[in-house]
Amino acid sequence: MLSMSDIDRHSQAAHAAYMDLLRSLQEEAVCDIQGTPTRLERNGRGYWYDSYRVGTASKKRYLGEDTERLRELLAADRDKRGERRERERYRSRLVRLLRAEGFLGTDAATGSLLNALAAPGVFRLGGTIVGTHAFRLYEGELGVRYRFDDTAQTNDIDIASFERLSLALKDTVSTSLSDVFSDLEFSPVPSLDRHKVWKWKQSRTDFLIEFLTPSFDETEGLRPLAALGVEAQSLHYLNYLLADPLQAAAIYRSGVLVQIPRPERYAIHKLIVASRRHARSNPLKSQKDRRQAAFLIEILAEDRPGDLLEALETARERGPKWRKNIDASLAKMPEERDRLEAL
């Protein structure tokens, strides 16, 4: 698929600039706190909320799952609330630097859509970018350049989230996504159930946005994402991809804080999806899936072999169908099969 000569790494300075941008966006997300940070526990896991009052009503806005990084940001927030405009100018300079260093960046149409989704809280409330737009964002996470064909190109954006998480958060987007899409000239795409909408298409372009969620039964029907106020197409194997996602910075204007799957899980998931697509007579997308998986496997086998091995073993332990799909793809990818066997 790809040889080591295809891997072109960004400079240490460029990678450091990306990490600075990501940290600043994470800090900015915390600086929107209106009241008192409050930790709540549900099903044995901790979650942080911004607790405040509007008149006599008590409100809670979800901030994120309890992590050491989020606790650090909350502790530092008290000293930084008055510096927003300067921080935004700083991030804009970092974005310009990253573009000059050769980062792919995000085109205006995609960037404006991601910004519009971030503003009402889609990514804060568990929305995770999956598919090729997530793959593009690994450039910053892994510090590598993308320089080949259509592997990093698409007009579709897929947003996925867990139905149960969406219910458990007890928070919703601040603006209806139907209104957000209407402002951007997106129209709902009819589904078999005309009362349920899970994808929208922009009238003046071929841009399509879809909402997805894991399926935990035999069917792959539509499920509600309560926090986002939309329906989602449920899919098998998606729960594996969405486990323990990462925050990432989209290179647009002063940056957009989004959420993406872990790269090692994305790589293994693409092996599974490529096999399933082939069975459904979709060879072009299957080839693209394998190219993306090959690119990530090559990098991760060198830089993060432990993470890659754990992701592979976790998938194989899910059962014979999982192993069959992985092996079917790797049968067409001898170099990547050898790399995985050598871990």
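Rules used throughout
- Residues numbered from 1 in each chain as written.
- Predicted model: local features only at pLDDT ≥ 70, side-chain atom pairs only at ≥ 80, totals over all residues.
- Heavy atoms only, no water.
- Helix = DSSP H or I, 4+ residues; strand = E, 2+ residues; numbered from the N terminus.
- Buried < 20%, exposed > 50% of the residue type's maximum accessible area, 1.4 Å probe, protein only.
- Lys, Arg positive; Asp, Glu negative; His and termini not counted.
- Salt bridge = Lys/Arg side-chain N within 4 Å of Asp/Glu carboxyl O.
- Polar contact = N/O pair within 3.5 Å; in protein donor to acceptor, adjacent residues only side chain to side chain.
- Contact = heavy atoms within 4.5 Å.
- Axes fitted to C-alpha atoms, helices over the stretch in contact; angles between N-to-C directions.
- Parallel < 35°, antiparallel > 145°, perpendicular 65-115°, else oblique.
- Left-handed = near helix turned anticlockwise from the far one by under 90°.
- Nonpolar A, V, L, I, M, F, W, Y, C, P; charged D, E, K, R; others polar.

Asks: Hey, could you go over the side chain of Glu-139 for me, with residue numbers and the actual values?
Replies: Summarising the element assignment, Glu-139 is placed in helix 5 (residues 132-142). Buried and without a salt bridge, Glu-139 has Arg-145 as its closest oppositely charged side chain, separated by 6.2 Å. A polar side-chain atom of Glu-139 sits 3.0 Å from the main-chain amide nitrogen of Leu-104. Look past the residues within four positions of Glu-139 in its chain and what remains in contact with it is His-10, Gly-102, Phe-103, Leu-104, Gly-105, Val-144, Arg-145 and Tyr-146.

Asks: An account of the pattern of salt bridges is needed here, citing residue identities and associated values.
Replies: Under the counting rule described, the total for this entry stands at 26 salt bridges. Put simply, Asp-303 and Arg-9 hold a salt bridge, and the shortest N to O gap is 2.8 Å. With Asp-303 in helix 10 (residues 283-303) and Arg-9 in strand 1 (residues 8-9), this pair connects stretches of sequence that are 294 residues apart. On the basis of relative accessibility, which here comes to 38%, the residue Asp-303 falls in the partly exposed class. Among the residues examined, Arg-9 registers a relative accessible area of 34% and is labelled partly exposed. Here Arg-91 makes a salt bridge to Glu-28, at a shortest N to O gap of 3.4 Å. Of the two residues, Arg-91 sits in helix 3 (residues 84-100) while Glu-28 sits in helix 1 (residues 12-30), which places them 63 residues apart along the sequence. Glu-28 matches Arg-91 in its accessibility class, with the two residues each being buried. Within the structure, one salt-bridge network assembled from shared partners comprises Arg-39, Glu-41, Asp-66 and Arg-71.

Asks: So what's going on with the environment of Asp-179? Which residues, and what values?
Replies: Tracing the sequence through the fold places Asp-179 in helix 7 (residues 177-183). Distance in space between the C-alpha atoms of Asp-179 and Glu-220 is 27 Å, their sequence separation being 41 residues.

Asks: Before we move on, can you summarise the environment of Leu-242 with the specific residues and values?
Replies: Looking at the secondary structure, you find Leu-242 in helix 8 (residues 238-242). As for Leu-242 and Ala-331, which are separated by 89 residues in sequence, their C-alpha atoms are 26 Å apart. In this structure, Leu-242 is in contact with Thr-128, Val-130, Ala-160, Ser-161, Phe-162 and Pro-214, ignoring residues within four places of it in sequence.

Asks: Tell me what's going on with the packing of helix 1 against helix 3, and back it up with residues and numbers.
Replies: Between two packed helices, what matters for the description is the angle formed by their axes and the separation of those axes. At their nearest, the axes of helix 1 and helix 3 sit 10 Å apart, and the two run at 150° to each other. On the basis of their axis angle, the class for helix 1 and helix 3 is roughly antiparallel. The handedness of the crossing between helix 1 and helix 3 comes out as left-handed. On helix 3, the residues touching Ala-14, Ala-17, Tyr-18, Asp-20, Leu-21, Ser-24, Leu-25 and Glu-28 of helix 1 are Arg-84, Arg-87, Tyr-90, Arg-91, Leu-94, Val-95, Leu-97 and Leu-98. Split by residue class, the contact of helix 1 with helix 3 holds 10 nonpolar, one polar and five charged.

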